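Coordinate analysis (summary)
Chain residues, written in single-letter form:
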Amino acid sequence: MKKYLYLILVAAVGCTANEEPEVMPKPVVEAWIDNGRHPQVLFTSTVTPDTDGGELADALLRWGKVTISDGENDYVMTGMRDNDYFPPYRYTTTELVGVPGTTYRITASYKQLRAEAVCTMHEPTRIDSITFSDCGVDTLRAAMLHFTAPDDVPAYYYLTISDRAGSPVSLPCLLGWKECTVPNVAVAVAIMNSKQTVIGERFHPQLRLNGSYVVSLHRVEKPVYDFWRAYDDALLFGSNMLLGSVASLPSNINGGFGVFGARGTDTKAFIVK
């Protein structure tokens, strides 16, 4: 089973040939909360490449304090091992589930590191249908997700996908983002595999014929959309974000790097036909 490599783990601190590397780490947060689901937080720190190498797990913050607030109550999140991720650790709480219309604040701290983010959850947009077409390869199919733009545009979306034959972790679809500026019109977005893959594996954006998948349509605030669109643009030219830095990506994390998305989400399981 594949493990999900933290999308934003290695925010490598850049330097020129005439400069010493930056030694002060910064917090890196990848967090989300969906309607009807518990919040999830991946909390790490930046690492600076050096001639001695080093383990990626060294950036993992196992003893951090991570809290989430819904404006009425604060909830302390518990860190736990999760072998679907690498490093195998995440923070969550079962005391809170996402509710559309709510503004959430997360705070993550460890020693001198501290990061905060605020995000409001929109009402989810329903997936109308999923269609398939020939892509010129007998074993693959092109897939499209269809939905109707809401009344309150502009609206910003991105897709995630999980392959039931692999890891249950949902990953961002390649080119799976959409900005809607006209209300109540039919919208189509391609469903493609995530390019967040293990180095050395051949990547196929189209889906396997008869493959079983789960796709989610996330409505998010514009800063969250901007992050995932920029991340997707960067990933198009590499195999994963370990080859570059997220320090230059847009972010809604104050005091660090990364993204926190309160997501109005509709999810659909399907088999490729």
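Located above this text is the structure these notes cover.
For the structure given in this document, a descriptive report is provided here. (Residues numbered from 1 in each chain as written. Predicted model: local features only at pLDDT ≥ 70, side-chain atom pairs only at ≥ 80, totals over all residues. Heavy atoms only, no water.)

Assigned secondary structure in the protein chain consists of 1 helix and 17 strands. In the protein chain, which comprises 273 residues, the share counted as buried stands at 48%. Within the protein chain, contacts between residues at least 6 apart in sequence are counted, and of these 68% link residues at least 24 apart. Here the protein chain displays about 13200 Å² of accessible surface, and carbon together with sulfur accounts for 51% of that area. (Helix = DSSP H or I, 4+ residues; strand = E, 2+ residues; numbered from the N terminus. Buried < 20%, exposed > 50% of the residue type's maximum accessible area, 1.4 Å probe, protein only. Contact = heavy atoms within 4.5 Å. Areas by Shrake-Rupley, 256 points an atom, 1.4 Å probe, with all protein chains shown as cover.)

This brings us to the packing of aromatic side chains. Under the definition given, this model contains 10 aromatic pairs. For the ring pair Tyr 156 and Tyr 225, a centre distance of 5.2 Å and an interplane angle of 45° mean the geometry is tilted. Of this pair, Tyr 156 sits in strand β12 (residues 155-163) while Tyr 225 sits in helix α1 (residues 222-235); the two residues are 69 residues apart in sequence, bridging distant segments of the chain. Judged on exposure class, the residue Tyr 156 and its partner Tyr 225 are both buried. (Phe/Tyr/Trp six-rings, centres within 6.5 Å; stacked < 30°, edge-to-face > 60°.)

Across 7 bridges, the pairing between strand β10 (residues 127-134) and strand β11 (residues 140-148) is antiparallel. Bridge pairing links Ile 127 to Phe 147 in β11. The pairing of β11 with strand β15 (residues 207-208) spans 2 bridges and is antiparallel. When the bridges of β15 are listed, Arg 141 appears paired with Leu 207. Strand direction decides the pairing type here: β11 and strand β14 (residues 186-191), joined by 6 bridges, are antiparallel. Its bridge partner lying in β14, Phe 147 is registered against Val 187. (Pairing = 2+ DSSP bridges.)

It is worth spelling out the pattern of salt bridges at this point. In the structure shown here, the tally under the stated rule is 8 salt bridges. A salt bridge links Arg 114 to Glu 116, with the nearest nitrogen and oxygen atoms 2.9 Å apart. The shortest N-O distance in the salt bridge between Arg 208 and Asp 163 comes to 2.6 Å. With a gap of 45 residues between them, Arg 208 in strand β15 and Asp 163 in strand β12 connect regions that are remote in the sequence. Residue class for Asp 163 comes out partly exposed when judged on its relative accessible area of 23%. (Salt bridge = Lys/Arg side-chain N within 4 Å of Asp/Glu carboxyl O.)

With that out of the way, let us pick up the environment of Asn 73. Looking at the secondary structure, you find Asn 73 in the loop between β4 (65-69) and β5 (74-81). When the C-alpha positions of Asn 73 and Leu 96 are compared, they lie 9.7 Å apart, and in sequence the two are 23 residues distant.

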